[in-house]
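Summary of the model geometry
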Amino acid sequence: ALTAKGWNLNSLQFPPSIHLCCTLRHTRPGVSDRFLTDVKNAVADAMSRPGEKTGGKGAIYGMAQSIPDRRMVSEIAWGYLDCIYDTKRQESDGPINGMHH
């Protein structure tokens, strides 16, 4: 609900929480009041439908928090990183994103 309103929040675990990076834009008049209103409305909306399933990234993140063996999360994260980072490149392969390594 807050993302749809233009707020960029990050979900955190242990304890369950959210993170908001405050920038100069957040100090403009009315922005903090608008944020608090949007949070209150989002909470009221969520509390009015307690049985509704969560969707999107929040659902995946919440599911990961409920895994009792935290090693499994670590193994999945390492596997993902291993797949997206290719360290077997040769200098003859050329630059990556315009950068030479």
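In what follows, the accompanying structure is described. (Residues numbered from 1 in each chain as written. Predicted model: local features only at pLDDT ≥ 70, side-chain atom pairs only at ≥ 80, totals over all residues. Heavy atoms only, no water.)

**A closer look at the overall build of the chain**
Our working definition: Numbering goes from the N terminus for both helices and strands, where a helix is a DSSP run of H or I of at least four residues and a strand is a run of E of at least two. Note on classification: 1.4 Å probe, protein chains only; a residue is buried when its accessible area is under 20% of the maximum for its type, exposed when over 50%, partly exposed between these limits. Accessible surface is estimated by sampling points in the Shrake-Rupley manner with a 1.4 Å probe; for residues, cover comes only from the protein chains shown.
In terms of regular secondary structure, the chain is built from three helices and two strands. Listing the helices and strands of the chain from first to last along the sequence gives β-β-α-α-α. Taking all 101 residues of the chain together, the buried fraction comes to 9%. Accessible surface, the chain: about 8,900 Å² in total, of which carbon and sulfur atoms supply 60%.

**Notes on the layout of surface pockets**
To find leftover empty space, a probe the size of one water molecule is rolled over the atoms. Going by this rule: Each cavity reported here is a set of points on a 1 Å grid over the protein atoms alone in which a 1.4 Å probe fits but cannot get out, each pocket an open set with protein on both sides within 12 Å along at least five of seven lines, and each lining residue one with an atom within 4 Å of a point. Grid points are joined across faces, edges and corners, and a volume is the space filled by probe spheres set on the points. In the scheme used here, Gly and all other residues not listed as nonpolar or charged are polar, with Ala, Val, Leu, Ile, Met, Phe, Trp, Tyr, Cys and Pro taken as nonpolar and Asp, Glu, Lys and Arg as charged.
Each pocket or cavity is described by its volume, and for the second largest pocket that value is around 200 Å³. Lys5, Gly6, Trp7, Asn8, Leu20, Thr23, Arg25, His26, Arg28, Val31, Arg34 and Asp38 are the residues that line the second largest pocket. Across the lining of the second largest pocket, the residue classes break down as three nonpolar, four polar and five charged.

**As for helix α1 (residues 31-47)**
The cut-off we apply is this: To estimate the expected span of a helix, subtract one from its residue number and multiply by 1.5 Å. To obtain the arc, one takes the directions from the helix axis to the C-beta atoms.
Relative to the 24 Å expected for 17 residues at 1.5 Å per residue, α1 spans 24 Å between its end C-alpha atoms, a close match to the ideal helical length. Taken together, the buried positions of α1 are Val31, Phe35, Asp38 and Ala42. Seen end-on, α1 carries its buried residues on one side only, within an arc spanning 65°. Across α1 from its buried face, at more than 90 degrees, point the exposed residues Asp33, Lys40 and Met47.

**Section: the packing of aromatic side chains**
To be explicit about the condition: Only the six-membered ring of Trp is used, alongside the rings of Phe and Tyr, when aromatic pairs are assigned; centres must lie within 6.5 Å, and planes under 30 degrees apart are stacked while those over 60 apart are edge-to-face, with the rest tilted.
Under the criterion given, the structure shown has one aromatic pair. Relative to Phe35, the ring of Trp7 lies with its centre 4.8 Å away and its plane at 75°, an arrangement referred to as edge-to-face. Of the two residues, Trp7 sits in the segment before β1 (10-12) while Phe35 sits in helix α1, which places them 28 residues apart along the sequence. On the basis of relative accessibility, which here comes to 8%, the residue Trp7 falls in the buried class. Residue Phe35 is classed as buried on the basis of its relative accessible area of 16%.

**A few points about the state of the cysteines**
Put simply, the rule reads: Here, a disulfide means two cysteine sulfur atoms that sit within 2.5 Å of each other.
A full pass over the atoms with the stated rule returns zero disulfides. As a non-bridged cysteine, Cys21 has Cys22 as the owner of its nearest cysteine sulfur, 6.8 Å distant. Using a relative accessible area of 60% as the deciding quantity, one classes Cys22 as exposed.

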